[in-house]
Structure formats: C-alpha cells, structure tokens
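Residue strings, one per chain:
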Amino acid sequence: MNLKNLLADRKNGGSPREQEGACCFLTEKEPMWGEMLADVLKQNGVPFVIEKALGGGLSDRVGPLLERYSFYVPPAYLEQAKGLAEELFSAENEE
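Owing to the predicted nature of the structure, the values given are computational and were not obtained by experimental measurement.

(A) Structural context of the sheet that holds strand β1 (residues 24-29). Spatial ordering of the open sheet is given by β1-β3-β2, a layout of three strands whose pairing is antiparallel. Across the chains shown, the open sheet's two edge strands, defined by having one partner strand only, are β1 and β2 (49-52). Recorded for the sheet is a direction-independent mean angle of 25 degrees between the axes of neighbouring strands. Here β2 runs beside strand β3 (residues 69-73); their pairing, made up of four bridges, is antiparallel. Residue pairing for β3: Val-49 is matched across the bridge by Tyr-72.

The structure is reproduced here in structure tokens:
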C-alpha cells in the first residue's frame, strides 16, 4: 500500500488512483461517525487513510459540524471494510 503517493495525489488536487498498491474510496462520514468507523477498522486490522475535507485550521474556525472524513482503504481490504461499514451504519440507514 502506497499511502504517501495517495496523500501526495490528494494534495495536488487529484483523486486516488485505483491501481495495485493505491487506495480505494470507502465512504465519507461526519466526524463523530468517522471516529467510530476508524475505531472499528483498527480493531479489525484494516489499514486506512482519512482525508479531512476542511483540514484542522479551517475546521477550528468554522466549527466541526461542516467537517467530513473521507476513508480510503487498500483494494485487498475493500470488501471487508465495506462489510464493516455497512454493519456499523445499518441502524443509521433504517431510521
């Protein structure tokens, strides 16, 4: 997994390349739900990268309510991560 290249691509305005060693988009969540998802992924040994939409400086100024976390995982973990996210957020979708 080449996380440095993923982050460099995002900083340059590009999107993550879906190729061997790159990461695939999993989901986007608000900070509260993003922290929960990050914990579940860690507990299950799924490597991931979080990209914050606003970044720390802007988020501090406008408040965390506008922040969004985008999650990226290696292709080999994508199906497992999708399953974990679906299980975690299934109650959210039923409401």
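From this point, the discussion proceeds with the structure in view.
(B) The pattern of salt bridges, seen in detail. Using the criterion set out here, one finds two salt bridges in the structure. One salt bridge connects Glu-28 with Arg-68, and the closest N-O pair in it is separated by 3.1 Å. With Glu-28 in strand β1 and Arg-68 in the loop between α3 (55-62) and β3, the pair connects residues that are 40 residues apart, well separated along the chain. By relative accessible area, Glu-28 is classed as partly exposed at 35%. Between Glu-30 and Arg-68 there is a salt bridge, with its nearest N and O atoms 2.5 Å apart.

(C) Spotlight on the nonpolar core. Within the largest apolar cluster, 16 residues are counted, with the highest numbers of intra-cluster contacts made by Leu-26, Leu-37, Leu-41, Phe-71 and Val-73. For this core, the element with the most residues is helix α4 (residues 78-94), which contributes five residues. Discounting residues that sit within four places of it in the chain, Leu-37 has contacts with Leu-26, Thr-27, Phe-71, Ala-85, Leu-88 and Phe-89.

(D) Structural context of the pairing of β3. Most of β3 sits out of view: five of its five residues are buried. In β3, alternate side chains face the same way, and those of Tyr-69, Phe-71 and Val-73 on one face and Ser-70 and Tyr-72 on the other are all buried.

(E) Fine view of the environment of Leu-41. Position of Leu-41 among the secondary structure elements: in helix α2 (residues 31-43). Along the sequence, Leu-41 and Leu-84 sit 43 residues apart, while their C-alpha atoms lie 7.5 Å from each other. Leu-41 has contacts with Leu-26, Val-46, Phe-48, Phe-71, Ala-81 and Leu-84, leaving out every residue within four places of it along the chain.

(F) Examining the environment of Gly-34 more closely. Mapped onto the elements, Gly-34 comes out in helix α2. Taking the C-alpha atoms as reference, Gly-34 lies 8.1 Å from Arg-68; in sequence the two are 34 residues apart.

(G) Looking closely at the packing of aromatic side chains. On inspection of all chains with the given rule, the structure shows three aromatic pairs. Considering the side-chain rings of Trp-33 and Phe-89, the 6.2 Å spacing of their centres and the 85 degrees angle between planes classify their relative orientation as edge-to-face. Pair noted here: Trp-33 is in helix α2 and Phe-89 is in helix α4, with a separation of 56 residues, a long-range link. Residue classification places Trp-33 among the partly exposed positions, given a relative accessible area of 28%. The ring of Phe-89 has Lys-29 sitting right over it, with the charged end atom 4.1 Å from the ring centre.

Here is what the cut-offs are and how they apply
Residues numbered from 1 in each chain as written. Predicted model: local features only at pLDDT ≥ 70, side-chain atom pairs only at ≥ 80, totals over all residues. Heavy atoms only, no water. Pairing = 2+ DSSP bridges. Helix = DSSP H or I, 4+ residues; strand = E, 2+ residues; numbered from the N terminus. Axes fitted to C-alpha atoms, helices over the stretch in contact; angles between N-to-C directions. Salt bridge = Lys/Arg side-chain N within 4 Å of Asp/Glu carboxyl O. Buried < 20%, exposed > 50% of the residue type's maximum accessible area, 1.4 Å probe, protein only. Core = buried A, V, L, I, M, F, W, Y, C linked by side-chain atoms within 4.5 Å. Contact = heavy atoms within 4.5 Å. Phe/Tyr/Trp six-rings, centres within 6.5 Å; stacked < 30°, edge-to-face > 60°. Lys NZ or Arg CZ within 6 Å of the ring centre and 35° of its normal.

As far as function goes, none of this settles anything; it's purely spatial.
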